[in-house]
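Structure assessment
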Amino acid sequence: EQGAPANVFASADTQWMDYLSQRGLIAEDSRKDLLGNELVLVVPATDRRDIAISAAMDVRALLGDGGRIATGDPTHVPVGLYAREAFKKLGLWQKIEPHLARTADVRAALRFVELGEAAAGVVYATDATLSKGVRIAGRFPSESHDPIVYPFGIVKSGNTPEARAFMAFLSSATARNARPMRVYWKKAARAITISVAIAAAAMSILCRETSPPANSRSTPPEGSQSSFAIIVLGLPPKISSPPPIST
């Protein structure tokens, strides 16, 4: 919005993308919900309980005396917004809210649980699987909250052939089948991963698109650029920076 040079914008929720789209800053034909996730309940790795998340869930039994449940601050952090929506839909929000440990992001919520500072946490499945200090005790019903999707779009001021090639690659089967970092692809039924193969293949695409012939002696015009930038953002509109963790 302030004119920082970028070609592709990716958001952890739809609010930021809607915010930029409404201001005419995103090429609308480029917007795609490429990734998705699940909302899960985590407990310390030593806690072997499995929790059925429903309207009948016993909050007191889950948290114990004085126990807390950690998640992103539901006033502005996306995971906390989803958590609040889910607990409200299940009729549990009034019981849960007094026990919230509000954090600045998912990693902070995980850390609370890892250290035993919170009896449980609500996070994304992808983050939970990366932590050895927690285990997934339950999964929220998909109907309890809006779908968790990560929209991508090309910034109008950076709508270049390179950016289009990169977005096309992210939408391809090659990207969907890449492996080492776990994510959930929106239309896939199983967990998959995106790896450095994406960057390598994307850069290969860009080199083919932008490199001059081997026997060429030409140089780019003065002031031209052949690189591109990606902005990834997770906070909703009107929040310039997250607040500190509050308990």
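Use the structure listed above.
Anyway, here's the lowdown on the structure attached to this text. (Residues numbered from 1 in each chain as written. Predicted model: local features only at pLDDT ≥ 70, side-chain atom pairs only at ≥ 80, totals over all residues. Heavy atoms only, no water.)

Some details on the overall build of the protein chain
A tally of helices and strands in the protein chain yields nine helices and 11 strands. When the 247 residues of the protein chain are sorted by exposure, 47% land in the buried category. (Helix = DSSP H or I, 4+ residues; strand = E, 2+ residues; numbered from the N terminus. Buried < 20%, exposed > 50% of the residue type's maximum accessible area, 1.4 Å probe, protein only.)

Considerations on helix 7 (residues 161–170)
Within helix 7, seven of the 10 residues are buried, which leaves it mostly tucked inside the rest of the structure. If you check which residues of helix 7 are buried, you get Glu-162, Ala-163, Ala-165, Phe-166, Met-167, Phe-169 and Leu-170.

Digging into the sheet that holds strand 4 (residues 69–72)
To summarise the sheet geometry, strands pair through backbone hydrogen bonds and adopt either a parallel or an antiparallel arrangement. With mixed pairing, the five strands of this open sheet are ordered in space as 5-4-6-3-7. The strands lining the two open edges of the sheet, one partner per strand, are strand 5 (100–103) and strand 7 (134–139). Here the strands of the sheet are splayed against their neighbours by 35° on average, with no regard to which way each runs. Pairing analysis gives four bridges linking strand 4 to strand 5, with the strands arranged parallel. Counted as the bridge partner of Ala-70 is Ala-101 from strand 5. Across the face of the sheet, helix 3 (residues 78–89) comes into contact with strand 3 (39–44), strand 4 and strand 6 (120–124) while running at roughly 115° to strand 6. (Pairing = 2+ DSSP bridges. Axes fitted to C-alpha atoms, helices over the stretch in contact; angles between N-to-C directions. Contact = heavy atoms within 4.5 Å.)

With respect to the environment of Ala-125
Considering the arrangement of structural elements, one finds Ala-125 in helix 6 (residues 125–128). Along the chain, Ala-125 and Leu-41 lie 84 residues apart, while their C-alpha atoms are 8.7 Å from each other.

Some details on the pairing of strand 6
Taken across its five residues, strand 6 has five buried, putting it largely inside the fold. With four bridges connecting them, strand 3 and strand 6 associate as antiparallel partners. From the neighbouring strand, Leu-41 faces strand 6, where its bridge partner is Val-122. Sheet topology note: the strand 4/strand 6 ladder contains two bridges and is parallel. Along strand 6, the bridge assignment pairs Ala-70 with Gly-121.

A look at the packing of aromatic side chains
Scanning all chains against the criterion turns up four aromatic pairs. Taking the centre distance of 5.3 Å and the plane angle of 80° together, the rings of Phe-87 and Phe-140 count as edge-to-face. One end of the pair, Phe-87, is in helix 3; the other, Phe-140, is in the loop between strand 7 and strand 8 (149–154), and 53 residues separate them in sequence. Judged by relative accessible area, Phe-87 falls into the buried class, the value being 2%. Relative accessible area serves as the criterion here: at 6%, Phe-140 is assigned to the buried category. Each ring, one from Tyr-124 and one from Tyr-150, has its centre 6.3 Å from the other, and the planes form 80°; the classification is edge-to-face. With Tyr-124 in strand 6 and Tyr-150 in strand 8, the pair connects residues that are 26 residues apart, well separated along the chain. Here a set of aromatic residues connected by ring pairs shows up, and it is made of Tyr-82, Tyr-124 and Tyr-150. (Phe/Tyr/Trp six-rings, centres within 6.5 Å; stacked < 30°, edge-to-face > 60°.)

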